[in-house]
Number of protein chains: 2
Amino acid sequence: MFVVLTYDIEVKKINKVRKILKKYLVWTQNSVFEGEITEGKLQKCIGQIGKIIDKNEDSIYIYIVENPKNIVKNKLGKEKALDELIL
Amino acid sequence: MFVVLTYDIEVKKINKVRKILKKYLVWTQNSVFEGEITEGKLQKCIGQIGKIIDKNEDSIYIYIVENPKNIVKNKLGKEKALDELIL
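Looking at an unreviewed UniProt entry, one finds chain A named CRISPR-associated endoribonuclease Cas2, with Acetivibrio mesophilus as its source organism. Recorded in UniProt for chain A, the comment headed Sequence similarities (unreviewed entry) runs: "Belongs to the CRISPR-associated endoribonuclease Cas2 protein family."

Here it is, written out as structure tokens:
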């Protein structure tokens, strides 16, 4: 499956969450990760993040497309190079 | 079609871009809009935004799923209420 994961997370937790996400998905914009992943790995990833975030404050959306062929990504402007992303 | 639009835009242009996006899509996280839209309206939206952003600096990704049934959105944590989003 193909996943786009977006988040609004309290600043002091962001690095911890990103560290986990980088093991599973590709960091493509400051609050966006994407990539192909298995159901099992996605559940594992969500489980780890769920232990860090405050479910009353933080917000994570996971857009899932079973068949990667069913999603197209267009870009306007530049593709963010990983080193440009705020660490 | 269903669209998830994410962006990293220079702060001083963000309000202008959001103003346009709100005419076409739903603002769901600080740098995320989503919703169902026609090809024609999406092109019109992108044309308007393209006049505002700096294509060498700003980054907009448009994830397109032709059939809205092919995308599922899961949430971890809270659904951002529009008034909580940074204006």
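Least-squares fitting of chain B to chain A yields an RMSD of 0.0 Å, with the superposition described by an axial translation of 0.0 Å and a rotation of 180 degrees. Taken together, the rotation angle and the small translation identify this as a two-fold axis. Taking C-alpha positions as reference, the residue of chain B nearest the rotation axis is Asn70(B), located at 3.4 Å. Of all interface residues in chain B, 100% are interface residues in chain A too; the two copies therefore contact each other through one and the same surface.

As a further point, take the interface of chain B and chain A. Across the boundary between the two partners, chain B contributes 39 residues, which contact 39 residues of chain A. Summing both sides of the interface, chain B and chain A together bury roughly 3200 Å²; the carbon and sulfur share of this comes to 54%. Put simply, chain B and chain A have 0 salt bridges between them. Our enumeration of links across chain B and chain A arrives at 27 residue pairs in polar contact (both at pLDDT 80 or more). Sort the elements by how many residues they give to the side of chain B that touches chain A and strand E4 (residues 59-65) of chain B lands first, with 7 residues.

Per the UniProt record, "binding site: Mg(2+)" (unreviewed entry) is found at Asp8(A). The residue Asp8(A) is located in strand E1 (residues 2-8) in this model.

What follows concerns the environment of Asp54(A). Residue and element names in this part refer to chain A. Along the chain, Asp54 falls in the loop between helix H2 (39-50) and strand E4 (59-65). Asp54 gets classed as partly exposed once you look at its relative accessible area, which sits at 30%. For the pair Asp54 and Lys13, spaced 41 residues apart in sequence, the C-alpha separation works out to 9.3 Å.

One open sheet holds the 5 strands; their spatial order is E5(A)-E4(B)-E1(B)-E3(B)-E2(B), and the pairing between them is antiparallel. The open sheet has two edge strands, strand E5 (72-77) of chain A together with strand E2 (26-29) of chain B, and neither has a second partner. Here the average twist between neighbouring strands, direction ignored, is 25 degrees. Direction of pairing for E2(B) relative to strand E3 (residues 32-36) of chain B: antiparallel, over a ladder of 3 bridges. Within E3(B), the position partnered with Val26(B) by the bridge is Glu34(B). Against the sheet, helix H1 (residues 11-24) of chain B engages strand E1 (2-8), E2 and E3 of chain B, with an angle of about 20 degrees to E3(B). Strand contacts of helix H2 (residues 39-50) of chain B: E5 of chain A together with E1 and E4 of chain B, with the helix running at about 175 degrees to E4(B), the strand carrying the most contacts.

Below, the discussion takes up the sheet that holds E1(A). Here 5 strands make up an open sheet; going across it, the order is E2(A)-E3(A)-E1(A)-E4(A)-E5(B) and the pairing antiparallel. In this open sheet, the two strands that pair with only one neighbour each are strand E2 (26-29) of chain A together with strand E5 (72-77) of chain B. Strand-to-strand twist in this sheet, taken as the mean axis angle between neighbours without regard to direction, amounts to 25 degrees. The pairing of E1(A) with E4(A) spans 7 bridges and is classified as antiparallel. Among the inter-strand pairings, Phe2(A) is bridged to a residue of E4(A), identified as Val65(A).

Further remarks concern the packing of aromatic side chains. Tallied over the entire structure, the rule returns 6 aromatic pairs over all chains. With a centroid separation of 6.4 Å and an interplanar angle of 85 degrees, the aromatic rings of Tyr61(A) and Tyr63(A) are classed as edge-to-face. Taking the relative accessible area as the measure of exposure, Tyr61(A) reaches 0% and is therefore buried. Relative accessible area serves as the criterion here: at 2%, Tyr63(A) is assigned to the buried category. Here the aromatic cluster, defined as three or more aromatic residues joined through ring pairs, consists of Tyr7(A), Trp27(A) and Phe33(A). A cation sits over an aromatic face here: Lys73(A) above Tyr61(B), 3.8 Å from the ring centre.

Thresholds applied
Residues numbered from 1 in each chain as written. Chains lettered and ligands numbered in written order. Predicted model: local features only at pLDDT ≥ 70, side-chain atom pairs only at ≥ 80, totals over all residues. Heavy atoms only, no water. UniProt positions renumbered as here; feature names shortened; annotations may be inferred. Least-squares fit on C-alpha atoms with pLDDT ≥ 70 in both. Contact = heavy atoms within 4.5 Å. Buried area = accessible area lost by both parts, 1.4 Å probe. Salt bridge = Lys/Arg side-chain N within 4 Å of Asp/Glu carboxyl O. Polar contact = N/O pair within 3.5 Å; in protein donor to acceptor, adjacent residues only side chain to side chain. Helix = DSSP H or I, 4+ residues; strand = E, 2+ residues; numbered from the N terminus. Buried < 20%, exposed > 50% of the residue type's maximum accessible area, 1.4 Å probe, protein only. Pairing = 2+ DSSP bridges. Axes fitted to C-alpha atoms, helices over the stretch in contact; angles between N-to-C directions. Phe/Tyr/Trp six-rings, centres within 6.5 Å; stacked < 30°, edge-to-face > 60°. Lys NZ or Arg CZ within 6 Å of the ring centre and 35° of its normal.

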